[in-house]
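Each chain, letter by letter, is given below.
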Amino acid sequence: MSELTGEHDTGRTQGPRAHGLHVVQDGSRQAPPLLLIHGSGASGALWAPVVPALARRRHVIRVDLPGCGQSPPVPSYDVPAQAARVAAVLDGLGLRGVAVAGHSSGGYVATALAERRPDLVGSLALIGSGPAPDALLPQPLFLRALLAPPLGPLLWAIRSDAMIRRGIGATAARPVEIPDAVVADLRHGTYRTTRAVLRCGTAYIAERSVPERLAALGVPLLVVFGGADPRWEPSSAHRYGAVPGARVETLPGVGHLAMLEEPAATAALLLGFTAPDGDTPPVRS
């Protein structure tokens with residue numbers, strides 16, 4: 001039985017909140033653990049397309065960060081504070097040396113987790129995580145309208161499912177199928193919280209770039225960028241080359257949502273990078 005949720009220790013466990021965060025677990029609890037952290041305003045459901053492949057070989061743990069998905073809002077969305085809550089979840093599960101993957105600003109929470117609690121993080125994979133503020137591209141017009149005043153609060157109040165899908169899809173480079181659970185989870189998020197999360201993520205990387213932070217940690221690092229990412233300058237991925245031993249991979253023709261646009265390739269990269277000895281999965285394009 002899982003102490004965290006009170007359900008079986010194999011298969012899927014979707015239980016109550018742990019330390020203020022909604023947690024979902026998939027795969028055998030005896031498998032090597034892999035924590036997945038979503039980006040700003042999203043939820044753990046965004047990882048759904050890659051979970052089946054990952055869960056065949058890993059104990060997959062997904063969290064909804066504070067104020068996102070099914071996790072309640074909190075007073076502060078500072079990145080280190082978010083990382084502290086994730087650390088409490090891993091402590092509650094009794095896990096150490098976990099492989100941690102973060103998408104977009106979820107990569108900042110993953111980095112802060114490694115900074116605060118190096119005992120918890122065995123390796124890091126960052127997917128579409130911009131290295132510094134100057135790598136941010138002009139955002140799609142629809143997103144700018146939705147996420148900034150004066151139109152943002154008004155549009156947020158009248159959001160339809162179609163508008164939510166359009167907002168998510170604006171960061172992809174190709175048509176994507178967006179899981180219904182992602183749309184439902186985004187309905188829980190507020191304009192104020194989403195703005196606060198975005199602001200805190202920007203402050204974190206403005207204070208010190210992600211490559212600079214990681215270069216001092218010595219944690220094995222995989223960086224995955226879409227070659228057609230409309231949110232972050234794709235060539236900025238190479239700044240992570242400043243981290244000793246970092247592996248940088250570019251997915252051609254992929255935008256900001258690698259787990260939706262190329263789930264098979266994304267899962268294969270994560271499995272290959274986090275493979276224990278003798279557990280190297282086949283890579284499928």
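The structure we're discussing is the one just above.
Sequence order as written defines residue numbering, which begins from 1 separately in each chain. Under the rules for a predicted model, residues below a pLDDT of 70 receive no local features and side-chain atom pairs below 80 are neither given nor counted, while totals for whole chains, interfaces and linings still include all residues. Hydrogens and water molecules were not included; the side-chain quantities draw on all heavy atoms of the structure.

Peer 1: Can you explain the overall build of the protein? Please cite residues and give values.
Peer 2: Numbering of helices and strands runs from the N terminus, with a helix taken as a DSSP run of H or I at least four residues long and a strand as a DSSP run of E at least two residues long. A count of helices and strands for the protein gives eleven helices and eight strands. In this description the radius of gyration comes from C-alpha coordinates, and the expected globular size is given by 2.2 Å times residues to the power 0.38. Rg of the C-alpha trace for the protein: 17 Å, near the compact-globule value of 19 Å for 285 residues, within the 12% margin. Across its three principal axes, the protein shows a C-alpha extent of roughly 50 × 40 × 35 Å. For the protein, with 285 residues in total, the buried portion stands at 55%. Here, two residues are considered to be in contact whenever any of their heavy atoms come within 4.5 Å of each other. Within the protein, counting contacts between residues at least 6 apart in sequence, those at least 24 apart form 71% of the total. Surface exposure of the protein reaches about 11800 Å², of which carbon and sulfur atoms provide 56%. Once the 26 positive and 23 negative side-chain charges of the protein are each reduced to a mean point, those two points are 4 Å apart. The buried label applies to any residue whose accessible area, calculated with a 1.4 Å probe on protein chains only, is under 20% of its type's maximum; exposed applies above 50%, and partly exposed to all values in between. Only the protein chains shown count as cover for residues, and all accessible areas are computed by the Shrake-Rupley method using a 1.4 Å probe. In this tally, Lys and Arg are treated as positive and Asp and Glu as negative; His is ignored, and so are the chain termini. Lys charges are placed at NZ, Arg charges at CZ, Asp charges at CG and Glu charges at CD.

Peer 1: I'd like to hear about helix 2 (residues 79-93), residue by residue, with values.
Peer 2: Given a helix with a known number of residues, its expected span is that number minus one, times 1.5 Å. Compared with an ideal rise of 1.5 Å per residue, which puts 15 residues at 21 Å, helix 2 spans 22 Å between its outermost C-alpha atoms and is within 8% of the ideal. Where helix 2 is concerned, the buried positions are Val 79, Gln 82, Ala 83, Val 86, Ala 87, Ala 88, Val 89, Leu 90 and Leu 93. On its buried face, helix 2 sits against strand 2 (22-26), strand 3 (33-37), strand 4 (59-64), strand 5 (98-103), helix 3 (106-116) and helix 8 (191-207).

Peer 1: Just give me the short version of the pairing of strand 3, but keep the residues and values in it.
Peer 2: The buried fraction of strand 3 amounts to five of the five residues, a majority that puts the element mostly inside the structure. Residues Pro 33, Leu 35 and Ile 37 point to one face of strand 3 and Leu 34 and Leu 36 to the other, with burial holding for every one of them. A pair of strands is labelled paired if DSSP reports no fewer than 2 bridges between them. Bridging between strand 3 and strand 4 involves five bridges; their strand directions are parallel. Bridge pairing in strand 4 places Ile 37 opposite Val 63. In the sheet, strand 3 pairs with strand 5 via four bridges, with the strands oriented parallel. Paired with Ile 37 across the two strands is Gly 102, which belongs to strand 5.

Peer 1: Give me the lowdown on the pairing of strand 6 (residues 121-127), citing residues and values where you can.
Peer 2: One face of the sheet, then the other: side chains in a regular strand alternate in exactly this way. Counting buried positions along strand 6 yields six of seven residues, so the element is predominantly enclosed. Two elements, strand 5 and strand 6, share six bridges in a ladder whose sense is parallel. The residue of strand 6 that forms the bridge with Val 98 is Val 121. The crossover handedness rule: strands pointing away from the viewer, path from first strand over the helix to second strand clockwise, crossover right-handed. Crossover strand 5 to strand 6 through helix 3 is right-handed. Judged from the four bridges that link them, strand 6 and strand 7 (residues 221-226) form a sheet pairing that is parallel. Within strand 7, the residue paired with Ala 125 across the bridge is Leu 222.

Peer 1: Hey, could you go over the nonpolar core for me, with residue numbers and the actual values?
Peer 2: Ranked by internal contacts, the top residues of the largest apolar core, which has 40 residues, are Leu 35, Val 86, Val 100, Leu 113 and Leu 124. Looking at this core element by element, the count peaks at seven residues for helix 2. Excluding its chain neighbours within four sequence positions, the residues that come into contact with Leu 35 are Ile 61, Val 63, Val 86, Leu 90, Val 98, Ala 99, Val 100, Ala 101 and Leu 113. In these notes, a set of buried Ala, Val, Leu, Ile, Met, Phe, Trp, Tyr and Cys residues joined through side-chain atoms within 4.5 Å is what counts as a nonpolar core. Formed by 36 residues, the second largest nonpolar core is a distinct cluster that contains Val 51, Leu 186, Val 224 and Ala 265.

Peer 1: Break down the environment of Cys 200 for me, citing the residues and quoting the values.
Peer 2: Turning to its location among the elements, Cys 200 is positioned in helix 8. Take Cys 200: its relative accessible area is 14%, and that puts it in the buried class. Sequence separation of Cys 200 and Ala 81 is 119 residues, and the distance between their C-alpha atoms is 10 Å. Those residues in contact with Cys 200 that lie beyond four places of it in its chain are Tyr 77, Asp 78 and Val 79.

Peer 1: Before we move on, could you go through the pattern of salt bridges and cite the residues and values that matter?
Peer 2: For this document, the term salt bridge refers to a Lys or Arg side-chain nitrogen within 4 Å of an Asp or Glu carboxyl oxygen. Taken as a whole and judged by the stated rule, the model has 13 salt bridges. Note that Asp 91 and Arg 117 form a salt bridge whose closest N and O atoms lie 2.8 Å from each other. With Asp 91 in helix 2 and Arg 117 in the loop between helix 3 and strand 6, this residue pair connects regions lying 26 residues apart in the sequence. A salt bridge links Asp 161 to Arg 187; its shortest N-O distance comes to 2.9 Å. Remark: Arg 187 occurs in helix 7 (residues 180-188) and Asp 161 occurs in helix 6 (residues 161-169); sequence separation between them is 26 residues. The class for Asp 161 is partly exposed, based on a relative accessible area of 41%. For Arg 187, a relative accessible area of 39% corresponds to the partly exposed category. Through salt bridges with shared partners, a single network forms among Asp 91, Arg 96, Arg 117 and Asp 119.

Peer 1: Residues and numbers for the packing of helix 3 against helix 8, please.
Peer 2: Here the axes come from fitting lines to C-alpha atoms, over the contacting stretch only for helices, and the angles between their N-to-C directions go from 0 to 180 degrees. Two elements in contact, helix 3 and helix 8, have axes separated by 11 Å at closest approach and are oriented at 55°. Accordingly, the angle class assigned to the pair helix 3 and helix 8 is oblique. You can see that helix 3 and helix 8 cross each other, and the crossing is left-handed. From helix 3, Tyr 108, Thr 111, Ala 112 and Glu 115 reach across to helix 8, where they touch Gly 201, Tyr 204 and Ile 205. Polar here means any residue other than Ala, Val, Leu, Ile, Met, Phe, Trp, Tyr, Cys and Pro, which are nonpolar, and Asp, Glu, Lys and Arg, which are charged; Gly is therefore polar. The residue makeup of the contact of helix 3 with helix 8, split by class, is four nonpolar, two polar and one charged. For classification, angles of less than 35 degrees are called roughly parallel, those exceeding 145 degrees roughly antiparallel, those between 65 and 115 degrees roughly perpendicular, and all remaining angles oblique. Left-handed is the label given to a crossing in which the near helix is rotated counterclockwise from the far helix by less than a right angle, and right-handed is the label when the rotation is clockwise.

By themselves these figures say nothing about function.
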